[in-house]
Amino acid sequence: MHDHGPGDNELSPEEARVRALETILVEKGLVDPAAIDAIIETYAEKVGPRNGAQVVARAWRDGGFAQALRDDATATIAEMGFHGRQAEHMEVVWNGDGVHNMVVCTLCSCYPWAVLGLPPVWYKSPPYRSRAVAEPRAVLAEFGVDLPEETRIRVWDSTAEVRYLVVPERPSGTDGWSEDRLAALVTRDSMIGTGLALQPGAAA
Amino acid sequence: MNGPQDLGGRSGFGPVVPEPDEPVFHAPWEGRALGLTLCAGALGHWTLDESRHARERLPPTFYLSASYYDIWLTALEALLERHGEVSAEERATGQARDPGLRPERRLAAADVPAVLAKGGPVDRAPESPPVFAVGDEVCTSRSRVRGHTRLPGYAQGRMGQVVAIRGCHVFPDLNAEGADAGGAWLYAVSFSGEELWGSGAEPGTEVIIDAFEPYLAQA
């Protein structure tokens, strides 16, 4: 697919339908096109997995903050400035002690937008949604994550308005690291549970 | 309804294929479709649950083959038509014929940050205490539901254990039908892999769903 500039009349069917709908809604005074721009800008540039990485890095460093996340994840994350749409009711789940957590939404595409941004296509697509609950180990293997047999896998299916953030295990060799340095080890997938945190030296 | 959206445990969809360095939007129209969906939602004609139900009622052949933003766009067209804001004829011509019903609810660009930051909390004041407690063994409903529900098919008629009480949240099954239907207690319920998938389960796995009280009975 290529981008279409103004005056290009080779629109994809979807693009033509979106343009028609937007035109009509704007003409009727129901939609402000600048509001659409603002929404796009928010999720393209401002809200993304760097938010969640900051939460994880702080939880790794600060036991009091970790406890606050256990007590009230929604409020604790909101205090960092990450709140609102698709993070109204947050829960944090912790990897370690022989447990690995993984998050899915089998019924649609529920995802904690305020901390991870918009979900990737694979998260919204039938292969992940169908298989994550039934064969999580096989799915993890496809992501390159091979866990010991004795590690228990806990799959959270986001069937209501609770949104889940996984805190991956803190890599060894990171004692004394700053929050920013730690956050660089925290990938989006590690906070969905389909990945692990990067090892020191692997972060860009 | 156990429509095309109810994907948990189905076979045949192939491997998960992550896209390296995936962009947030794959074409400009995807961002416009997202923005339109949020702006149209702000008009207040429908609840989040009704919009989900509009997506899962799309023809299965379409739902399972379309891109996610195409699913959103198609459901948005249906919702706007159902609530009298944009007719099929207007969509076909690309021109407004009738005036908008709720221009006073138009989301202004200046209000977008505040609206997104506020979100739409769904917790409600409970009318009675929760029936179940953490640790309780529960059995999920096996009743066929023709309307919207958030009890996935794979977890129907199964034995699980309450592992957390999430609060009292708007009950989606009724909320999808229109007005705010009030709250129902919401529980995190854990099922062993063996309970869900029998001998086909991977060892050492469990699935936790968030289940509303009306879905559950004491085991």
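Everything below is about the structure shown above.
None of the values given here were measured: they were computed from a predicted structure. (Residues numbered from 1 in each chain as written. Chains lettered and ligands numbered in written order. Predicted model: local features only at pLDDT ≥ 70, side-chain atom pairs only at ≥ 80, totals over all residues. Heavy atoms only, no water.)

Undergrad: For this particular structure, what's the right way to read the overall build of chain B?
TA: If you tally the helices and strands in chain B, you get eight helices and five strands. If one aligns the C-alpha atoms of chain B with their principal axes, the spans along those axes are about 55 × 45 × 35 Å. Per-residue burial over chain B gives 47% buried out of 219 residues. Counting only contacts in chain B whose residues sit at least 6 apart along the sequence, the fraction spanning at least 24 positions is 64%. Each charge class in chain B was averaged separately, 19 positive and 30 negative side chains, and the resulting centres sit 5 Å apart. (Helix = DSSP H or I, 4+ residues; strand = E, 2+ residues; numbered from the N terminus. Buried < 20%, exposed > 50% of the residue type's maximum accessible area, 1.4 Å probe, protein only. Contact = heavy atoms within 4.5 Å. Lys, Arg positive; Asp, Glu negative; His and termini not counted. Charge placed at Lys NZ, Arg CZ, Asp CG, Glu CD.)

Undergrad: I would appreciate a short explanation of the overall build of chain A in the present structure.
TA: On a plain count of helices and strands, chain A comes out with eleven helices and four strands. Projecting the C-alpha coordinates of chain A onto the three principal axes gives extents of approximately 55 × 35 × 35 Å. The 204 residues of chain A split such that 59% are buried. Within chain A, residue pairs in contact and separated by at least 24 positions form 66% of the contacts whose partners lie at least 6 positions apart. Taken as a whole, chain A presents about 8,100 Å² of accessible surface, with 46% of it coming from carbon and sulfur. Computed over 19 positive and 30 negative side-chain charges, the separation of the two mean positions in chain A equals 3 Å. (Areas by Shrake-Rupley, 256 points an atom, 1.4 Å probe, with all protein chains shown as cover.)

Undergrad: What exactly am I supposed to notice about the packing of helix α2 (residues 33–46) of chain A against helix α1 (residues 28–41) of chain B here?
TA: A pair of packed helices is captured by two measures, namely the crossing angle of their axes and the spacing between those axes. Packing of α2(A) against α1(B) brings their axes to within 8 Å, and their N-to-C directions diverge by 115°. Remark: the crossing between α2(A) and α1(B) carries right-handed chirality. In contact with Pro33(A), Ala35(A), Ile36(A), Asp37(A), Ile39(A), Ile40(A) and Tyr43(A) of α2(A), α1(B) contributes Gly31(B), Arg32(B), Leu34(B), Gly35(B), Leu36(B), Leu38(B) and Cys39(B). Grouping the constituent residues of the contact of α2(A) with α1(B) by class yields ten nonpolar, two polar and two charged. (Axes fitted to C-alpha atoms, helices over the stretch in contact; angles between N-to-C directions. Left-handed = near helix turned anticlockwise from the far one by under 90°. Nonpolar A, V, L, I, M, F, W, Y, C, P; charged D, E, K, R; others polar.)

Undergrad: Looking at this model, I keep getting lost on the sheet that holds strand β2 (residues 99–104) of chain A. Mind explaining?
TA: In a beta sheet, neighbouring strands are held together by backbone hydrogen bonds and run either parallel or antiparallel to one another. Within the open sheet, the seven strands sit side by side as β2(A)-β3(A)-β4(B)-β3(B)-β2(B)-β1(B)-β5(B). Their pairing is mixed. With partners counted over all chains shown, the strands left at the sheet margins are β2 of chain A together with β5 (216–218) of chain B, one partner each. Each adjacent strand pair in this sheet contributes to an overall mean axis angle of 35°, direction not counted. Bridging between strand β1 (residues 137–140) of chain B and β5(B) involves three bridges; their strand directions are antiparallel. By the bridge assignment for β5(B), Cys139(B) is matched with Ala217(B). (Pairing = 2+ DSSP bridges.)

Undergrad: Even after reading the chapter, I still don't get the packing of aromatic side chains, so can you show me in this structure?
TA: For any two aromatic rings, the description comes down to two numbers: the centre-to-centre distance and the angle of the planes. All names here are of chain B. Inspection of every chain in the model, using the stated rule, returns 15 aromatic pairs over all chains. Measuring from centroid to centroid gives 6.3 Å for Tyr68 and Trp72, while their planes differ by 55°, and the two rings are tilted. Placement of the pair is Tyr68 and Trp72 together in helix α4 (residues 68–82), with a separation of four residues, close to one helical turn. For the pair Tyr68 and Trp72, one class covers both residues: buried. Here Tyr69 and Trp72 contribute two aromatic rings whose centre-to-centre distance is 6.1 Å and whose plane-to-plane angle is 70°, an arrangement assigned as edge-to-face. (Phe/Tyr/Trp six-rings, centres within 6.5 Å; stacked < 30°, edge-to-face > 60°.)

Undergrad: It is not clear to me how the pairing of strand β4 (residues 205–212) of chain B should be interpreted in this structure. Could you clarify?
TA: Walk down a regular strand and you will see the side chains alternate between the two sheet faces. By the criterion of burial, β4(B) is predominantly enclosed, with eight of the eight residues buried. Both faces of β4(B) are covered, namely the face carrying Thr205(B), Val207(B), Ile209(B) and Ala211(B) and the face carrying Glu206(B), Ile208(B), Asp210(B) and Phe212(B). Bridge analysis of strand β3 (residues 152–157) of chain A against β4(B) gives five bridges, and the strand direction is parallel. Bridging from a neighbouring strand, Trp156(A) pairs with Ile208(B) of β4(B). Both strand β3 (residues 183–192) of chain B and β4(B) contribute to a ladder of seven bridges, which runs antiparallel. From the neighbouring strand, Val189(B) faces β4(B), where its bridge partner is Ile209(B).

Undergrad: Help me understand empty space enclosed by the protein, please; the structure alone is not making it clear to me.
TA: Summed over the entire model, instances satisfying the criterion amount to two cavities of 30 Å³ or more. One number sums up the size of the largest cavity: a volume of about 60 Å³. In this structure, the largest cavity is lined by Ser109(A), Trp113(A), Leu118(A), Pro119(A), Lys124(A), Leu34(B), Tyr68(B), Tyr69(B) and Trp72(B). In terms of residue class, the lining of the largest cavity is made up of seven nonpolar, one polar and one charged. Roughly 40 Å³ of internal volume is contained in the second largest cavity. Forming the walls of the second largest cavity are Leu107(A), Cys108(A), Gln5(B), Arg52(B), Arg55(B), Glu56(B), Tyr63(B), Tyr68(B) and Arg150(B). (1 Å grid on protein atoms, 1.4 Å probe; cavity = no way out; pocket = protein on both sides within 12 Å on 5 of 7 lines; lining within 4 Å. Points joined across faces, edges and corners; volume = space filled by probe spheres on them.)

Undergrad: I tried to follow the interface of chain A and chain B on my own but got confused; where do I start?
TA: Reports of interface size often rely on the accessible area that becomes lost once the parts have come together. With 78 residues of chain A at the contact, the number on the chain B side is 86 residues. Summing the contributions of chain A and of chain B, the shared interface buries around 7,200 Å²; its carbon and sulfur component is 62%. Sorting the residues of chain A by area buried against chain B places Lys28(A), Leu30(A) and Leu107(A) first, and these three jointly supply 10% of that buried surface. Inspection of the chain A/chain B interface yields nine salt bridges. We note a salt bridge from Arg32(B) to Asp37(A), for which the minimum N-O separation is 2.5 Å. For the pair chain A and chain B, the interface holds 40 residue pairs in polar contact (both at pLDDT 80 or more). Taken together, the elements giving at least two residues each to the side of chain A that touches chain B come down to α1 (13–27), α2, β1 (89–94), α7 (121–124), α8 (126–131), α9 (136–142), β3 and β4 (162–167) of chain A. (Buried area = accessible area lost by both parts, 1.4 Å probe. Salt bridge = Lys/Arg side-chain N within 4 Å of Asp/Glu carboxyl O. Polar contact = N/O pair within 3.5 Å; in protein donor to acceptor, adjacent residues only side chain to side chain.)

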